[in-house]
Amino acid sequence: MKVDIFIEFNGNKTDQKQLLETAKDVWKSEGNKVKDLATVELYFKPEEQKCYYILNAELNGSFDA
(Lines give C-alpha, C1' and ligand atoms only; values in the text may rest on other atoms or scores of the structure.)
Protein backbone atom coordinates (compact mmCIF):
# COMPACT_ATOMS: atom_id res chain seq x y z
CA MET A 1 0.00 0.00 0.00
CA LYS A 2 1.31 3.42 -0.93
CA VAL A 3 0.18 6.37 1.18
CA ASP A 4 0.70 10.06 0.43
CA ILE A 5 -0.32 12.70 2.95
CA PHE A 6 -0.68 16.31 1.82
CA ILE A 7 -1.39 19.32 4.01
CA GLU A 8 -3.04 22.40 2.52
CA PHE A 9 -3.70 25.65 4.34
CA ASN A 10 -4.34 29.15 2.99
CA GLY A 11 -3.24 28.18 -0.52
CA ASN A 12 0.03 26.62 0.64
CA LYS A 13 0.70 22.92 0.22
CA THR A 14 3.29 20.57 1.66
CA ASP A 15 3.52 16.83 2.02
CA GLN A 16 4.86 14.25 4.42
CA LYS A 17 7.73 13.24 2.13
CA GLN A 18 8.98 16.80 1.79
CA LEU A 19 8.92 17.36 5.56
CA LEU A 20 10.71 14.05 6.20
CA GLU A 21 13.42 14.79 3.62
CA THR A 22 14.08 18.19 5.18
CA ALA A 23 14.30 16.58 8.64
CA LYS A 24 16.83 14.07 7.28
CA ASP A 25 18.86 16.94 5.81
CA VAL A 26 18.88 18.64 9.22
CA TRP A 27 20.10 15.38 10.80
CA LYS A 28 22.90 15.05 8.22
CA SER A 29 23.89 18.71 8.61
CA GLU A 30 24.66 17.93 12.26
CA GLY A 31 27.26 15.37 11.15
CA ASN A 32 25.04 12.30 11.54
CA LYS A 33 24.26 9.48 9.12
CA VAL A 34 20.69 8.83 7.98
CA LYS A 35 21.10 5.13 8.85
CA ASP A 36 21.50 6.19 12.51
CA LEU A 37 18.17 8.03 12.51
CA ALA A 38 15.81 5.77 14.47
CA THR A 39 12.91 8.04 15.44
CA VAL A 40 11.44 11.11 13.80
CA GLU A 41 8.67 13.23 15.28
CA LEU A 42 7.34 16.02 13.10
CA TYR A 43 4.80 18.63 14.16
CA PHE A 44 3.65 20.76 11.26
CA LYS A 45 1.96 24.09 12.04
CA PRO A 46 0.42 25.30 8.77
CA GLU A 47 -0.58 28.68 10.17
CA GLU A 48 3.13 29.38 10.79
CA GLN A 49 4.45 27.41 7.78
CA LYS A 50 6.88 25.76 10.22
CA CYS A 51 7.68 22.19 11.04
CA TYR A 52 8.98 21.35 14.50
CA TYR A 53 11.03 18.18 14.85
CA ILE A 54 12.51 15.80 17.41
CA LEU A 55 15.09 13.42 15.96
CA ASN A 56 16.20 10.40 17.96
CA ALA A 57 14.74 12.06 21.06
CA GLU A 58 17.85 14.25 21.23
CA LEU A 59 17.94 16.82 18.43
CA ASN A 60 15.07 19.27 18.21
CA GLY A 61 14.24 22.52 16.49
CA SER A 62 12.22 23.79 13.56
CA PHE A 63 12.45 24.62 9.88
CA ASP A 64 10.33 26.59 7.43
CA ALA A 65 8.04 24.34 5.45
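Above this text sits the structure in question.
Residues numbered from 1 in each chain as written. Predicted model: local features only at pLDDT ≥ 70, side-chain atom pairs only at ≥ 80, totals over all residues. Heavy atoms only, no water.

1. Topic: the sheet that holds strand β5 (residues 59–64)
Here three strands make up an open sheet; going across it, the order is β3-β4-β5 and the pairing antiparallel. Each edge of the open sheet is held by one strand with a lone partner, namely β3 (40–45) and β5. Across the sheet, the mean angle from the axis of one strand to that of its neighbour is 20 degrees, orientation sign disregarded. Relative to strand β4 (residues 50–55), β3 is paired through six bridges, and the arrangement is antiparallel. Within β4, the residue paired with Val40 across the bridge is Leu55. (Pairing = 2+ DSSP bridges. Helix = DSSP H or I, 4+ residues; strand = E, 2+ residues; numbered from the N terminus. Axes fitted to C-alpha atoms, helices over the stretch in contact; angles between N-to-C directions.)

2. Side note on the side chain of Asp15
Note on placement: Asp15 falls in strand β2 (residues 12–15). The side chain of Asp15 is buried and forms no salt bridge, while Lys17, the nearest opposite charge, is found at 6.6 Å. Within the local environment of Asp15, its side chain forms a polar contact with the backbone nitrogen of Lys17, the two atoms lying 2.9 Å apart. When residues no more than four places from it in sequence are discounted, the contact partners of Asp15 are Ile5 and Phe6. (Buried < 20%, exposed > 50% of the residue type's maximum accessible area, 1.4 Å probe, protein only. Lys, Arg positive; Asp, Glu negative; His and termini not counted. Salt bridge = Lys/Arg side-chain N within 4 Å of Asp/Glu carboxyl O. Polar contact = N/O pair within 3.5 Å; in protein donor to acceptor, adjacent residues only side chain to side chain. Contact = heavy atoms within 4.5 Å.)

3. As for the environment of Leu20
Inspection of the secondary structure assignment puts Leu20 in helix α1 (residues 16–29). Spatially, the C-alpha atoms of Leu20 and Glu41 are 9.3 Å apart, while their sequence positions differ by 21 residues. Every residue in contact with Leu20, bar those within four places of it in the chain, is listed here: Val40 and Leu42.

4. Considering unusual backbone geometry
One can expect most non-glycine residues to show negative phi and most peptide bonds to be in trans. In the Ramachandran plot, Asn10 falls in the positive-phi region, its phi being about 50 degrees despite a non-glycine side chain. Secondary-structure assignment places Asn10 in the loop between β1 (6–9) and β2. Notably, Gln49 is not glycine yet its phi reads approximately 55 degrees, a positive angle.

5. A closer look at the pattern of salt bridges
If the charged atoms of two oppositely charged side chains come close together, the side chains can form a pair. One pass over the full model with this rule turns up seven salt bridges. Lys2 serves as the salt-bridge partner of Asp4, at 3.3 Å between the closest nitrogen and oxygen. Judged by its relative accessible area of 36%, Asp4 falls in the partly exposed class. According to the relative accessible area criterion, Lys2 is exposed, its value standing at 65%. Between Glu48 and Lys45 there is a salt bridge whose closest N-O contact spans 3.2 Å. On the basis of relative accessible area, Lys45 is assigned to the partly exposed category, the value being 31%.

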